[in-house]
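The lines below spell out each chain.
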Amino acid sequence: SKGQIQGVDLRNDSQIQACYEAFLMRSPPITEGTVVMNWVLDETGQIDFLKLARTDLADEGFTSCLLDTIRATRFPASVERAGVMISHKFKFRRKTPDSIEFQ
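Novice: Hey, could you run me through the overall build of the chain in this one?
Specialist: Helix and strand counts for the chain stand at two helices and six strands. A separation of at least 24 residues holds for 67% of the contacts in the chain among residues at least 6 apart in sequence. Summing over all exposed atoms, the chain offers an accessible surface of approximately 6000 Å²; the carbon and sulfur share of this is 47%.

Novice: It is not clear to me how the environment of Ser64 should be interpreted in this structure. Could you clarify?
Specialist: For Ser64, the location among the structural elements is in helix H2 (residues 60–71). Residue classification places Ser64 among the partly exposed residues on the basis of a relative accessible area of 35%. Considered as a pair, Ser64 and Leu52 are 12 residues apart in the sequence and their alpha carbons are 9.4 Å apart.

Novice: Quick question: what am I supposed to make of the pairing of strand S4 (residues 47–55) here?
Specialist: When a strand is regular, its side chains alternate between the sheet's two faces. With seven bridges joining them, strand S3 (residues 33–41) and S4 adopt antiparallel strand pairing. When the bridges of S4 are listed, Leu41 appears paired with Ile47. Where S3 folds back on S4, the antiparallel hairpin that results is connected by five residues, among which Gly45 adopts a positive phi of roughly 95°.

Novice: I keep staring at the pattern of salt bridges and nothing clicks. Help me out?
Specialist: Oppositely charged side chains can form a pair if their charged atoms are brought close together. Under the definition given, this model contains three salt bridges. Across the pair Arg26 and Asp59 runs a salt bridge, and its minimum N-O distance is 2.4 Å. Separated by 33 residues along the polypeptide, Arg26 in the loop between helix H1 (14–25) and S3 and Asp59 in the loop between S4 and H2 bring together distant segments of the chain. Across the salt bridge formed by Arg71 and Asp68, the nearest N and O atoms sit 3.3 Å from each other. Here Arg71 and its partner Asp68 are both found in helix H2, three residues apart, which amounts to about one turn of the helix. We classify Arg71 as partly exposed; its relative accessible area is 43%. Judged by relative accessible area, which is 48%, Asp68 ranks as partly exposed.

Novice: I would appreciate a short explanation of H1 in the present structure.
Specialist: The periodicity of an α-helix, 3.6 residues per turn, causes residues three or four places apart in sequence to face the same way. Between its first and last C-alpha atoms H1 spans 16 Å; for 12 residues at 1.5 Å apiece the expected length is 16 Å, and the two agree. Taken residue by residue, H1 has Ile16, Cys19, Tyr20, Phe23 and Leu24 as its buried positions. Around the axis of H1, the buried residues are gathered within 135° of arc, so they sit on the same side. Facing away from the buried side of H1 by more than 90 degrees, the exposed set consists of Ser14 and Met25. Looking at the residues trailing H1, positive phi occurs at Ser27, about 55°.

What counts as what
Residues numbered from 1 in each chain as written. Predicted model: local features only at pLDDT ≥ 70, side-chain atom pairs only at ≥ 80, totals over all residues. Heavy atoms only, no water. Helix = DSSP H or I, 4+ residues; strand = E, 2+ residues; numbered from the N terminus. Contact = heavy atoms within 4.5 Å. Areas by Shrake-Rupley, 256 points an atom, 1.4 Å probe, with all protein chains shown as cover. Buried < 20%, exposed > 50% of the residue type's maximum accessible area, 1.4 Å probe, protein only. Pairing = 2+ DSSP bridges. Salt bridge = Lys/Arg side-chain N within 4 Å of Asp/Glu carboxyl O. Expected span 1.5 Å × (residues − 1). Arc of directions from axis to C-beta.

What follows is the structure, given as structure tokens:
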């Protein structure tokens, strides 16, 4: 479902929103797009491997902010999901100059 990452609700994650707001403050020519991240969890729910797979928002600061935020996220422990590559698509868009959203 939208905004859900394997049992972790990131719809209102203030840190991901802060990454995007900082990106917009730099006034990039592109203000909306999709970012795809791939990661693998260990059985305790910690990230074992994390990689940017694709981005429409090519900005080094934004990318590293997202990577750091996801890397710090604790996921539910799961033996079944351990070692499985998870691909998650984030959609970012500026709705109005003072309103943003992400899924």
